[in-house]
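Coordinates in review
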Amino acid sequence: MTRLSWMLIPLAFLLAVAMRGQAPADQQPVHEIHMTAKKYEFQPGELHVTAGERVRLLITALDRDHGLEIKAVGVKVNLKKGVETAVEFTAAQPGEFEFKCANFCGLGHGGMKGKLIVEALGSPM
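These lines cover the structure that appears in this document, whether it is placed above or below. If you're wondering where the values come from, they're calculated on a predicted model, not measured in any experiment. (Residues numbered from 1 in each chain as written. Predicted model: local features only at pLDDT ≥ 70, side-chain atom pairs only at ≥ 80, totals over all residues. Heavy atoms only, no water.)

One pass over the full model with this rule turns up seven salt bridges. A salt bridge links Asp65 to Lys80, with the shortest nitrogen-to-oxygen separation between them at 3.5 Å. Pair noted here: Asp65 is in the loop between strand 4 (54-61) and strand 5 (66-70) and Lys80 is in the loop between strand 6 (75-79) and strand 7 (84-90), with a separation of 15 residues, a long-range link. You can call Asp65 partly exposed: its relative accessible area is 28%. For Lys80, a relative accessible area of 49% gives the class partly exposed. With a closest N to O distance of 3.8 Å, Lys113 and Glu98 form a salt bridge. (Salt bridge = Lys/Arg side-chain N within 4 Å of Asp/Glu carboxyl O. Helix = DSSP H or I, 4+ residues; strand = E, 2+ residues; numbered from the N terminus. Buried < 20%, exposed > 50% of the residue type's maximum accessible area, 1.4 Å probe, protein only.)

Structure follows, in structure tokens:
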């Protein structure tokens with residue numbers, strides 16, 4: 001074996017040890033939450049997640065088209081009536097963040113809001 005090969009073997013070993021136990025982002029578990037949107041509410045209206053975890057919202061608008069906007073995590077989607085829409089994000093920072101309907105849905109539209117509560121890792125939920 002060449003001298004370069006002998007130098008690469010320990011490097012590859014160290015890299016393998018460092019990566020052990022770390023799943024790639026697309027293989028990390030996803031916290032899945034089913035939601036509905038209807039005049040003028042989201043159910044559930046409060047979402048509890050942990051900072052750093054991957055979150056997938058599965059949202060169905062029941063009565064008409066709605067929308068979902070969570071500025072804190074860069075989410076803004078339209079929700080078609082009767083169609084389940086998947087939204088994925090990672091909430092990096094702990095805190096409480098508002099979400100709201102992003103598609104005018106009638107006179108109560110302004111009150112169609114909810115709360116995303118992101119707990120610090122290790123905090124009780």
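Having seen it, we continue.
Another aspect to go through is the sheet that holds strand 7. Taken in spatial order, the four strands of this open sheet run 2-1-4-7, and their pairing is mixed. Where the open sheet ends on each side, the last strands, each with one partner, are strand 2 (41-43) and strand 7. For this sheet, the mean angle separating the axes of adjacent strands, direction not counted, is 25 degrees. Where strand 4 and strand 7 come together, seven bridges link them in antiparallel fashion. Looking at strand 7, one finds that Val55 is bridged to Phe89. (Pairing = 2+ DSSP bridges. Axes fitted to C-alpha atoms, helices over the stretch in contact; angles between N-to-C directions.)

Our next topic: the packing of aromatic side chains. For the coordinates displayed, the defined rule picks out one aromatic pair. Here the aromatic rings of Phe42 and Phe99 are separated by 5.2 Å at their centres, their planes lie at 70 degrees, and the arrangement is edge-to-face. One end of the pair, Phe42, is in strand 2; the other, Phe99, is in strand 8 (residues 95-100), with 57 residues separating them in the sequence. For Phe99, a relative accessible area of 1% puts it in the buried group. (Phe/Tyr/Trp six-rings, centres within 6.5 Å; stacked < 30°, edge-to-face > 60°.)

The next subject is the environment of Ile33. Positionally, Ile33 belongs in strand 1 (residues 30-38). Separated by 26 residues in sequence, Ile33 and Ile59 place their C-alpha atoms 8.3 Å apart. Apart from the residues lying within four places of it in its own chain, the contact partners of Ile33 are Pro44, Leu47, Val49, Val55, Arg56, Leu57 and Leu58. (Contact = heavy atoms within 4.5 Å.)

With seven of eight residues buried, strand 4 lies mostly within the body of the structure. Sheet topology places strand 1 next to strand 4; eight bridges connect them, and they run parallel. What sits directly across from Thr36, in strand 4, is Thr60.

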